[in-house]
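# Observations on the model geometry
Spelled out from the first residue to the last, the chains are:
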Amino acid sequence: MKSIQVRAERSYQVDICDNWRTEISSVFESRETYVVAPRRLLSEIGTTIAENKILVVPDGENQKNFETLQSLAENLASRGASRETLLIAIGGGATTDLTGFLAASYLRGIDWLAVPTTVAGMVDAAIGGKTGINLTSGKNLFGAFNSPVRVIVDTSWLNTLSARDRAAGLAESVKCGFIRDEKILQLIESDPTENLVEIIGRSIQVKADVVSLDFREDGEREILNYGHTLGHAVERHSGYTLRHGEAVSIGLVFAAKLSQKFGLGKEVVERHSSILQNLNLPVSYEKSAWPAIYDLMGKDKKRRAGEIRFVTLKSIGFTERQSAAVGILSEVYREIGR
Ligand SMILES: NC(=O)c1ccc[n+]([C@@H]2O[C@H](COP(=O)([O-])OP(=O)(O)OC[C@H]3O[C@@H](n4cnc5c(N)ncnc54)[C@H](O)[C@@H]3O)[C@@H](O)[C@H]2O)c1
């Protein structure tokens, strides 16, 4: 088993193993434990966990709301769950976000453990302690920083994941490759399926290192937003018909082309497009959407002192922050528009 240390408001380990069932069973023996999982994963969980210990939630984004949060909290209270109770989230990013926030608020805070079952969950959502639910006004607007006590990653979960969700999750790994670890890019270029476990492990290491330097996103953690300023705007503009990773893929190509304006080599920009396209991820978006996209980027939380700031790439492994004028932004957008 490979373990990666994260130093946040508490220190915890991300354990990359090949038998989550054994790991979870030993946790159950040590304290009162409940699992939160979407219905879709119940057959996969099978008899590993007693049925009366599983709190079933709706699938995907439909679980990240007050209604589900309240019903889970009432359920825990009616079972007499105490400060010693442990919650285990088994699922994608939606489930770990919801469970982490439930754990932050039930009895003013109980422990939780994450078992991410998607690529996005493994390399991103379950690591870093950002938890929460959606508001009608927008995604992830209500939550808390609350790290799990442990993360158990077992890539055998990914065998049942759709090709689309698998590729979308890998967009975050491509980002990790460009901002911090070129080896990830080489592994994806050589064979993303064959090298999946190493790609995931290295991506987790990048996120763990950055989060350990800046848990509350006051500085260094901003580099994880590479590709996300335009990505978030595109994701919202698509009405969430695009997966987060698909929107980030478009955002990465935009960020690379913007970086080129500040000196990034053309070959690195082209490498973004070729890696992402080979993963079957989109790299362009509707030309006519620019005014709306620009407006949405301005509303994004990365706007500071009236300017939209971007994380840009100086060279592979080295990022910068740049504020770009609207003229440059629209010119770059035209290049990715279709
Ligand atoms: N907290 C963070 O730092 C952070 C970072 C990135 C994303 N997120 C959040 O994560 C969510 C996106 O992540 P996601 O794509 O994992 O979402 P998700 O949890 O909605 O999972 C996507 C779909 O895959 C299904 N699924 C999960 N595991 C599966 C498996 N092993 N086999 C087959 N199907 C499976 C789910 O039921 C769901 O339908 C969003 O809510 C996003 O806001 C949070």
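The present account deals with the structure reproduced in this document.

Cut-offs applied
Residues numbered from 1 in each chain as written. Predicted model: local features only at pLDDT ≥ 70, side-chain atom pairs only at ≥ 80, totals over all residues. Heavy atoms only, no water. Phe/Tyr/Trp six-rings, centres within 6.5 Å; stacked < 30°, edge-to-face > 60°. 1 Å grid on protein atoms, 1.4 Å probe; cavity = no way out; pocket = protein on both sides within 12 Å on 5 of 7 lines; lining within 4 Å. Points joined across faces, edges and corners; volume = space filled by probe spheres on them. Nonpolar A, V, L, I, M, F, W, Y, C, P; charged D, E, K, R; others polar. Pairing = 2+ DSSP bridges. Helix = DSSP H or I, 4+ residues; strand = E, 2+ residues; numbered from the N terminus. Axes fitted to C-alpha atoms, helices over the stretch in contact; angles between N-to-C directions. Contact = heavy atoms within 4.5 Å. Buried < 20%, exposed > 50% of the residue type's maximum accessible area, 1.4 Å probe, protein only.

## Topic: the packing of aromatic side chains
Any two aromatic rings considered together are summarised by their centre-to-centre distance and by the angle between their planes. For the structure shown, the criterion picks out seven aromatic pairs. A network of ring pairs unites the aromatic residues Phe-66, Phe-101 and Phe-142 as a single cluster.

## Structural notes on the layout of surface pockets
Roughly 170 Å³ of volume is contained in the second largest pocket. What lines the second largest pocket is a set of 13 residues, among which Ala-163, Arg-166, Ala-167, Leu-170 and Leu-279 lie closest to the centre. Of the residues belonging to the lining of the second largest pocket, the class tally is seven nonpolar, three polar and three charged.

## Concerning the sheet that holds strand β9 (residues 150-153)
The strands making up a sheet associate through backbone hydrogen bonding, with each pair oriented either parallel or antiparallel. Ordered in space as β1-β2-β9-β6-β5-β3-β4, the seven strands form an open sheet in which the pairing is mixed. For this open sheet the edge positions go to β1 (2-7) and β4 (54-57), each flanked by a neighbour on one side alone. Between one strand axis and the next, the sheet turns by 20° as a mean value, whatever way the strands run. Packed on one face of the sheet, helix α3 (residues 66-78) meets β3 (33-38), β4 and β5 (86-91) and runs near 165° to β4.

## So, the environment of Ala-73
Tracing the sequence through the fold places Ala-73 in helix α3. In this structure Ala-73 comes out as partly exposed when scored by relative accessible area, which is 24%. C-alpha separation for the pair Ala-73 and Thr-48, spaced 25 residues apart in sequence, amounts to 24 Å. With sequence-adjacent residues up to four places away left out, Ala-73 is seen in contact with Leu-102 and Tyr-106.

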